[in-house]
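Topology and contacts: notes
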Amino acid sequence: MPEPIHADLQCLVTGASRGLGLEFVRQLLARGDRVVATCRHPGRATALNTLAGEHPGRLHVLPLDVSSARSRDELVRELPLVLEGARLGLLLNNAGVLQGGERFGTVAESDLEASLRTNATGPFLLTQGVAPFLADAGTSQRGAIVANLSSEIGSLARRTEFRTPSYAIGKAAQNMGSVLLGRALAPRGIVVVALHPGWVRTDMGGAQATTAAGDAVSALLAVIDRLDAADSGRFLDSQGRELPW
Ligand code: NAP
């Protein structure tokens, strides 16, 4: 079992109601971390609330719609109350949305905008908002990790066909956000990476996907655990291999 992050630090996961986000919360709790899990509708997040009951005092569930400025501001206001003086050692910008069935000729502006808000501008602005709570590098510990769940579909170099344009454009924009956040936070020793989880069996990935959520998350946590300052601004897959932008 991998080690939890430093005892004084906590993890913040977005989009934790289901899929990879829920699995991140499960595995972080299992290894002893303290987690702030966010989702759009905490009252309906049965699996998360069960986990909170099983791990008293180690999991806080807070509302967050990452695409909403008001919701992000509310989270930033509430965060110090649950952190109780601790900092964040890991921010997982996991919430994401994929619009299926798009065809060239009928791509809707509203789908492009929704993808940009949830996949790109939302996580960028959330990271900016919670930056004061991210742990700085110190003599005995590395700086916080900001892991942005990206996708190989957002790689310009890998696009060989017209597919899921709203998602592809949103994730490509998110990738630029990851690089820029890495530059902005480098003086504090905070590491920002874009991570591709593989094709994973979740609501988004579908039943045909090749990888179980548990396997994808354990592989990604192993990659995250190995990161150091030199990795900031990189685009990595679940084996830690570099992907082309
Ligand atoms: P999923 O099963 O569709 O779950 C998406 C999660 O994001 C849900 O918890 C959902 O919450 C949340 N979410 C959506 N819009 C949100 C918003 N505006 N504010 C807050 N939360 C929101 O997707 P997944 O497969 O777990 O994907 C997780 C991440 O991995 C995404 O960023 C995705 O792009 C990336 N990824 C996945 C795959 C794959 O094969 N699965 C591949 C590459 C990258 P609700 O329950 O409220 O809807």
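A closer look at the pattern of salt bridges
Counted by the stated rule, this structure contains 12 salt bridges. Notably, a salt bridge pairs Arg87 with Asp136, separated by 3.0 Å at the nearest N-O pair. With a gap of 49 residues between them, Arg87 in strand E4 (residues 87-93) and Asp136 in the loop between helix H4 (109-130) and strand E5 (145-149) connect regions that are remote in the sequence. On the basis of relative accessibility, which here comes to 33%, the residue Arg87 falls in the partly exposed class. We note a salt bridge from Arg163 to Glu161, for which the minimum N-O separation is 2.6 Å. Residue class for Glu161 comes out partly exposed when judged on its relative accessible area of 45%. Through salt bridges with shared partners, a single ionic network connects Arg31, Asp33 and Asp225.

Points about the packing of helix H1 (residues 19-30) against helix H6 (residues 213-226)
One can describe the packing of H1 onto H6 by two numbers: an axis separation of 9 Å at closest approach and a directional angle of 60 degrees. In terms of orientation, H1 and H6 fall into the oblique class. Our pair here, H1 against H6, has a crossing hand that is right-handed. Facing Leu20, Glu23, Phe24, Gln27 and Leu28 of H1, the residues of H6 in contact are Ala213, Gly214, Ala216, Val217, Ser218, Leu220 and Leu221. Grouping the amino acids of the contact of H1 with H6 by side-chain chemistry returns eight nonpolar, three polar and one charged.

So, the site of the ligand
Surveying the vicinity of the ligand reveals 28 residues, the closest of which are Ser17, Arg18, Arg40, Tyr167 and Thr202. Contact between the ligand and Val66: a nitrogen atom at 2.9 Å from a main-chain N or O atom of the residue. Calculation on the ligand without its partners gives an accessible area of 900 Å², and the protein chains cover 93% of this total. Under a 2 Å grid-point criterion requiring more than half of the atoms, the pocket assigned to the ligand is the largest pocket. Mapped by element, the contributors of at least two residues to the shell around the ligand are H1 and helix H5 (165-185). Of the residues assigned to the shell around the ligand, the class counts are 10 nonpolar, 13 polar and five charged.

Here we look at the packing of helix H3 (residues 69-83) against H4
To describe two helices that pack against each other, one gives the angle between their axes and the distance between the axes. Orientation of H3 relative to H4, taken along the N-to-C sense of each, is 30 degrees, at an axis distance of 10 Å. As the angle between them shows, H3 and H4 are arranged roughly parallel. Seen along the crossing, H3 lies across H4 with a hand that is right-handed. Counted together, Arg72, Leu75, Val76 and Leu79 of H3 and Gly122, Leu125, Leu126, Gly129 and Val130 of H4 form the full contact between these two elements.

Section: the packing of aromatic side chains
Counting across every chain of the model gives two aromatic pairs. Seen from their ring centres, Phe104 and Phe162 are 5.5 Å apart, and the 75 degrees between their planes marks the pair as edge-to-face. Here Phe104 is found in the loop between E4 and H4, whereas its partner Phe162 is found in the loop between E5 and H5, with 58 residues between them in sequence. Residue classification places Phe104 among the exposed residues on the basis of a relative accessible area of 73%. Residues Phe235 and Trp245 carry aromatic rings whose centres are separated by 5.1 Å and whose planes lie at 20 degrees to one another, so their mutual orientation is stacked. With Phe235 in strand E7 (residues 234-237) and Trp245 in the segment after E7, this residue pair connects regions lying 10 residues apart in the sequence. For Phe235, a relative accessible area of 0% puts it in the buried group.

Some words on the nonpolar core
Residues Phe24, Val25, Val35, Leu48 and Leu92 are the most contacted members of the largest nonpolar core, which totals 34 residues. Elements with a contribution of two residues or more to this core: strand E1 (9-13), H1, strand E2 (35-39), helix H2 (46-54), E4, E5, strand E6 (191-196) and H6. Of the residues forming this core, the biggest block, seven residues, is contributed by H6. With sequence-adjacent residues up to four places away left out, Phe24 is seen in contact with Val13, Leu92, Asn94, Leu149, Val217, Leu220 and Leu221.

Quick notes on the rules
Residues numbered from 1 in each chain as written. Predicted model: local features only at pLDDT ≥ 70, side-chain atom pairs only at ≥ 80, totals over all residues. Heavy atoms only, no water. Salt bridge = Lys/Arg side-chain N within 4 Å of Asp/Glu carboxyl O. Helix = DSSP H or I, 4+ residues; strand = E, 2+ residues; numbered from the N terminus. Buried < 20%, exposed > 50% of the residue type's maximum accessible area, 1.4 Å probe, protein only. Axes fitted to C-alpha atoms, helices over the stretch in contact; angles between N-to-C directions. Parallel < 35°, antiparallel > 145°, perpendicular 65-115°, else oblique. Left-handed = near helix turned anticlockwise from the far one by under 90°. Contact = heavy atoms within 4.5 Å. Nonpolar A, V, L, I, M, F, W, Y, C, P; charged D, E, K, R; others polar. Near = heavy atom within 4 Å. Polar contact = N/O pair within 3.5 Å; in protein donor to acceptor, adjacent residues only side chain to side chain. Areas by Shrake-Rupley, 256 points an atom, 1.4 Å probe, with all protein chains shown as cover. 1 Å grid on protein atoms, 1.4 Å probe; cavity = no way out; pocket = protein on both sides within 12 Å on 5 of 7 lines; lining within 4 Å. Sits in = over half its atoms within 2 Å of the grid points. Phe/Tyr/Trp six-rings, centres within 6.5 Å; stacked < 30°, edge-to-face > 60°. Core = buried A, V, L, I, M, F, W, Y, C linked by side-chain atoms within 4.5 Å.

All we've got here are geometric facts, nothing functional implied.
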